[in-house]
Amino acid sequence: MVAIIESDCTGCDLCISHCPFEALLPLLVSPPERTKAKRPVVVVEEQCVGCLSCIGSCPTQALHEIQAPPSAITSPLLHPPKRPVTEKVNRWKKGGLRWA
Ligand code: SF4
Ligand code: SF4
């Protein structure tokens, strides 16, 4: 799977269109302790299949491969954690981002 180092994520959104499974989405609200102006993008673990299509898309290398999320006891595909509240991103409808 992949994870994002939040402090290294500028919220540029470049990675979003590289995920065919729509597992990379912007948080709806920035965490209160965040110092960067723009909200971060997060990995929606229940949708990430670990295909690594996104891995080279991050200019700050905030996005990196991990064996499993630090909080996972077993595969998050079997027991997904609580889904973060994210913005909706238009990927496939008319005028959507599609796949880079
Ligand atoms: S590893 Fe694949 S499924 Fe997971 S976020 Fe990256 S592109 Fe999406
Ligand atoms: S490409 Fe990197 S810096 Fe940009 S939103 Fe994605 S994880 Fe954050």
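Here's a quick rundown of the structure. The residue count restarts for each chain, going from 1 along the sequence in the order it is written. Just so you know, chain letters begin at A and ligand numbers begin at 1, following the order they were written in. Local features in this predicted model are restricted to residues whose pLDDT is 70 or higher, and side-chain atom pairs enter the listing and the counts only when it is 80 or higher, whereas totals over whole chains, interfaces and linings include all residues. Side-chain metrics in this entry use all non-hydrogen atoms of the structure; hydrogen atoms and water are not considered.

1. A look at the overall build of the chain
Next up, step 1: Numbering of helices and strands runs from the N terminus; a helix is a DSSP stretch of H or I covering at least four residues, while a strand is a stretch of E covering at least two. Across its full length, the chain carries zero helices and four strands.
Next up, step 2: Taken from the N to the C terminus, the helices and strands of the chain come in the order β-β-β-β.
Next up, step 3: Just to be clear, the radius of gyration here is over C-alpha atoms, and the globule rule we use is 2.2 Å times residues to the power 0.38. Here the C-alpha atoms of the chain give a radius of gyration of 13 Å, agreeing with the 13 Å that 2.2 N^0.38 yields for 100 residues.
Next up, step 4: Expressed as lengths along the three principal axes of its C-alpha atoms, the size of the chain is roughly 40 × 30 × 25 Å.
Next up, step 5: For the chain, with 100 residues in total, the buried portion stands at 34%.
Next up, step 6: A total of about 6300 Å² of accessible surface is found on the chain, and carbon and sulfur atoms cover 59% of it.
Next up, step 7: Mean positive and mean negative side-chain charge positions of the chain (11 and 9 charges, respectively) differ by 10 Å. Type-normalised accessible area, obtained with a 1.4 Å probe on protein chains alone, sets the label of each residue: buried when under 20%, exposed when over 50%, and partly exposed for intermediate values. All accessibility values rest on the Shrake-Rupley procedure with a 1.4 Å probe; residue burial counts only the protein chains present in the view. Charge assignment in this entry is limited to Lys and Arg as positive and Asp and Glu as negative, and neither His nor the chain termini are counted. To locate a charge, take NZ of a lysine, CZ of an arginine, CG of an aspartate or CD of a glutamate.

2. Some words on the site of ligand 1
Next up, step 1: Neighbouring ligand 1 are 14 residues, the closest being Cys19, Cys48, Cys51, Leu52 and Cys54.
Next up, step 2: Residue polarity follows a fixed list, in which Ala, Val, Leu, Ile, Met, Phe, Trp, Tyr, Cys and Pro are nonpolar, Asp, Glu, Lys and Arg are charged, and the others, Gly among them, are polar. Classifying every residue of the shell around ligand 1 by side-chain character gives eleven nonpolar, three polar and no charged. The criterion for a residue being near a molecule or strand is simple. One of its heavy atoms has to lie within 4 Å of it.

3. Let's talk about the site of ligand 2
Next up, step 1: Taken together, Ile4, Cys9, Thr10, Gly11, Cys12, Asp13, Leu14, Cys15, Val41, Cys58, Pro59 and Thr60 are the residues near ligand 2.
Next up, step 2: Its residues assigned to classes, the shell around ligand 2 comprises eight nonpolar, three polar and one charged.

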